[in-house]
Amino acid sequence: MDLVGLLKSQFLCHLVFCYVFIASGLIVNALQLLTLLLWPFDRQLFRRLNCRLSYCVSSQLVMLLEWWSGTECVIYTDPRAYPWFGKENAIVVLNHKFEIDFLCGWSLAERFGVLGGSKVLAKKELAYVPIIGWMWYFTEMVFCTRKWEQDRKTVSQSLLHLRDYPEKYFFLIHCEGTRFTEKKHRISMQVAQAKGLPSLKHHLLPRTKGFAVTVRSLRNVVSAVYDCTLNFRDNENPTLLGVLNGKKYRADMYVRRIPLEQVPEEEDQCSAWLHRLYQEKDAFQEQYYQTGTFPETPMVPPRRPWTLLNWLFWASLLLYPFFRFLVSMVSSGSSLTLAGFVLVFFVASVGVRWMIGVTEIDKGSAYGNMDSRQKHKD
């Protein structure tokens, strides 16, 4: 390991990133709370401001991926579709197998200039998580309970609110509902067999109702579905801890632009269409494992400097007073002060562990236990 690699793997560096992220995130959350004063008078200004405040937080994680770890992402796509990316609203259907697949989705949005306004269909519990969850609440993210009887009305209403959203966005959906594991895959394929659906080798059976209501609610506002299939070279299994340690991953993503007019409107037909889409995604993944490449033309969208500049701004604003505070605590020699320093270090350590833990595959939903009882009802 070279000197730079050794430096990147040091826990002190991770604490710095965690401190800047948490402190800046809480400041952004406070500013977002103040923007509520604008809502009754100018809702579109409220939305534009919150898109930019949201970018201050989410771009820090993209910065770790693109600048700190130097992870490369090659996009395989039709050159005729490429000029549309970032110029239109789109529903992004991304496979859910890797711990950092959400970061790769955010990186895609960032490179095409729509990260601040982009949306995701997320678990309702995340709305109560400080920083990310609160940020999502103010950017009108769509939350669901994964219980369709409860979600049918609330998800549809949230989506309809996005019809007049003033910024371009990608709406990211992990239709599989949870990350791929062998246990979940085994149970999912039992459900597929019981329903008479073709088996999938590299994906879980997609949940179709959320996708169908998204298409129905955003039709004529969203122009296309971007079918995104992600994998990593050399059978790597990337983790957020690896990104924090500065490990460079090499990602490949196949992006197909499918005009929304090609997606059926009726729920049953839309569900059948999504199942066919996942059969095609499965074939693309199998081709990748066999040949190491996806169809179409490889392209590398340029990395933009704004994520790095945003992090440097917050670091310069927050680190100097923080280090002065730490030095004054240590130099005082007071046992109470030193105990406070240890407490700060412990809280920061827990913060880093929490940031890593929420992305780990084994911390995903209890898909296997739940779906074996509910027969994977859509």
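Reading the values: rules and limits
Residues numbered from 1 in each chain as written. Predicted model: local features only at pLDDT ≥ 70, side-chain atom pairs only at ≥ 80, totals over all residues. Heavy atoms only, no water. UniProt positions renumbered as here; feature names shortened; annotations may be inferred. Helix = DSSP H or I, 4+ residues; strand = E, 2+ residues; numbered from the N terminus. Buried < 20%, exposed > 50% of the residue type's maximum accessible area, 1.4 Å probe, protein only. Areas by Shrake-Rupley, 256 points an atom, 1.4 Å probe, with all protein chains shown as cover. Phe/Tyr/Trp six-rings, centres within 6.5 Å; stacked < 30°, edge-to-face > 60°. Lys NZ or Arg CZ within 6 Å of the ring centre and 35° of its normal. Salt bridge = Lys/Arg side-chain N within 4 Å of Asp/Glu carboxyl O. Pairing = 2+ DSSP bridges. Axes fitted to C-alpha atoms, helices over the stretch in contact; angles between N-to-C directions. Contact = heavy atoms within 4.5 Å. 1 Å grid on protein atoms, 1.4 Å probe; cavity = no way out; pocket = protein on both sides within 12 Å on 5 of 7 lines; lining within 4 Å. Points joined across faces, edges and corners; volume = space filled by probe spheres on them. Nonpolar A, V, L, I, M, F, W, Y, C, P; charged D, E, K, R; others polar. Core = buried A, V, L, I, M, F, W, Y, C linked by side-chain atoms within 4.5 Å. Polar contact = N/O pair within 3.5 Å; in protein donor to acceptor, adjacent residues only side chain to side chain. Parallel < 35°, antiparallel > 145°, perpendicular 65-115°, else oblique.

Looking at an unreviewed UniProt entry, the protein carries the name 1-acyl-sn-glycerol-3-phosphate acyltransferase delta, with the source organism given as Pipistrellus kuhlii. Looking at the Subcellular location (unreviewed entry) heading of the UniProt record, one finds this comment for the protein: "Endoplasmic reticulum membrane". A UniProt comment under Sequence similarities (unreviewed entry) is attached to the protein, and it reads "Belongs to the 1-acyl-sn-glycerol-3-phosphate acyltransferase family."

J.: What's the story with the overall build of the protein in this structure? I'm lost.
T.: Tallying secondary structure elements over the protein gives 13 helices and eight strands in all. Put simply, the protein has 378 residues, and 55% of those count as buried. Split by element, the accessible area of the protein, about 18000 Å² in all, is 62% carbon and sulfur.

J.: Help me understand the packing of aromatic side chains, please; the structure alone is not making it clear to me.
T.: Describing an aromatic ring pair means giving the distance of the ring centres and the angle of the ring planes. Per the counting criterion, the structure on display carries 22 aromatic pairs. Put simply, the rings of Tyr-76, Tyr-254, Phe-284, Tyr-288 and Phe-294 pair up and form one aromatic cluster. The ring of Trp-68 has Lys-8 lying over it, and the distance from NZ or CZ to the ring centre is 5.4 Å. When the ring centre of Tyr-278 is taken as reference, the NZ or CZ atom of Lys-281 above it lies at 5.6 Å.

J.: Sorry, what's going on with the pattern of salt bridges here?
T.: A pair can form between side chains of opposite charge whenever their charged atoms are brought close. Going through the model one piece at a time under the given rule, you end up with 18 salt bridges. Of the charged contacts in the structure, one is a salt bridge between Glu-267 and Lys-209, with a shortest N-O distance of 2.9 Å. Highlighted residues: Glu-267 in helix H10 (residues 267–291) and Lys-209 in helix H8 (residues 208–218), separated in sequence by 58 residues. Look at Glu-267 and you get partly exposed, because its relative accessible area is 24%. The salt bridge partner of Arg-256 is Glu-280, with a shortest N-O separation of 2.9 Å. A residue pair is termed long-range when its members are at least 10 positions apart, and Arg-256 in strand E7 (residues 250–259) and Glu-280 in helix H10 qualify at 24 residues. Among the ionic contacts, a cluster of salt bridges with common partners joins Arg-43, Arg-47, Glu-140 and Asp-164.

J.: Just checking my understanding: could you explain the pairing of strand E2 (residues 90–94) for this structure?
T.: Moving residue by residue along a regular strand, the side chains alternate between the two faces of the sheet. Burial analysis of E2 places five of its five residues in the buried class, the great majority of the element. Burial along E2 is two-sided: the face carrying Ala-90, Val-92 and Leu-94 and the face carrying Ile-91 and Val-93 are both buried.

J.: Quick question: what am I supposed to make of the sheet that holds strand E4 (residues 142–144) here?
T.: Strand pairing in a sheet takes place through backbone hydrogen bonds and is either antiparallel or parallel in direction. Pairing in this open sheet of eight strands is mixed, and the strands run E4-E3-E5-E2-E6-E7-E1-E8 from one edge to the other. For this open sheet the edge positions go to E4 and strand E8 (297–299), each flanked by a neighbour on one side alone. Mean inter-strand twist for the sheet, computed between neighbouring axes without regard to direction, equals 25 degrees. Pairing analysis gives nine bridges linking strand E6 (residues 224–232) to E7, with the strands arranged antiparallel. Within E7, the position partnered with Tyr-226 by the bridge is Arg-257. Where H10 meets the sheet, it contacts E2, E6 and E7, and its direction lies at approximately 30 degrees from that of E6.

J.: What am I meant to see in the layout of surface pockets here?
T.: By rolling a water-sized probe across the atoms, one finds the places where empty space is left. What the second largest pocket holds in volume is close to 570 Å³. The wall of the second largest pocket is formed by 23 residues, among which Tyr-137, Glu-140, Met-141, Phe-143 and Ser-158 lie closest to the centre. Mapped by element, the contributors of at least two residues to the lining of the second largest pocket are helix H3 (43–68), helix H5 (132–138), E4 and helix H6 (148–160). Looking at the lining of the second largest pocket, the element that brings in the most residues is H6, giving five residues. Residues that form the lining of the second largest pocket fall into these classes: 13 nonpolar, six polar and four charged.

J.: Hey, could you run me through the nonpolar core in this one?
T.: As a rule of thumb, nonpolar side chains are buried together in soluble globular proteins. Counting 63 residues, the largest nonpolar core has Trp-106, Trp-136, Phe-170, Tyr-226 and Met-253 as the members making the most contacts within it. Of all the elements, H3 adds the most residues to this core, at 10 residues. Trp-136 has contacts with Trp-106, Val-120, Ala-122, Leu-126, Met-141 and Phe-143, leaving out every residue within four places of it along the chain. Cys-144, Leu-162, Val-225 and Ile-258 belong to the second-largest nonpolar core, a separate cluster that totals 35 residues.

J.: Which parts of the structure should I look at to understand the environment of Glu-266?
T.: Positionally, Glu-266 belongs in the loop between E7 and H10. Measuring from C-alpha to C-alpha, the distance between Glu-266 and Ala-212 comes to 8.2 Å, with 54 residues separating the pair along the chain.

J.: Even after reading the chapter, I still don't get the side chain of His-203, so can you show me in this structure?
T.: Looking at the secondary structure, you find His-203 in the loop between helix H7 (182–195) and H8. Assessed through its relative accessible area of 0%, His-203 is described here as buried. A distance of 2.8 Å separates a polar atom in the side chain of His-203 from a polar atom in the side chain of Asp-282. In this structure, His-203 is in contact with Asn-95, Glu-176, Phe-180, His-185, Met-189, Tyr-278, Lys-281, Asp-282 and Gln-285, ignoring residues within four places of it in sequence.

J.: Would you mind showing me how to read the packing of helix H2 (residues 11–35) against helix H11 (residues 306–332) here?
T.: The geometry of a pair of packed helices is captured by two quantities: the angle between their axes and the separation between those axes. The N-to-C vectors of H2 and H11 enclose an angle of 105 degrees; their axes lie 9 Å apart at closest approach. By the angle between their directions, the pair H2 and H11 is classed as roughly perpendicular. Every residue of H11 that contacts H2 at Val-16, Phe-17, Tyr-19, Val-20, Ala-23, Ser-24, Ile-27 and Val-28 is listed here: Trp-311, Trp-314, Ala-315, Leu-318, Leu-319, Phe-322 and Phe-323. Taken together, the residues that form the contact of H2 with H11 break down as 14 nonpolar, one polar and no charged.

J.: How should the UniProt feature "transmembrane region" (unreviewed entry) in the protein be read in this particular structure?
T.: Under the feature "transmembrane region" (unreviewed entry), the UniProt entry names residues 12–39, 308–330 and 336–356. End-to-end, the C-alpha atoms of residues 12–39 are 41 Å apart, and along that stretch the chain is 86% helix and 0% strand.

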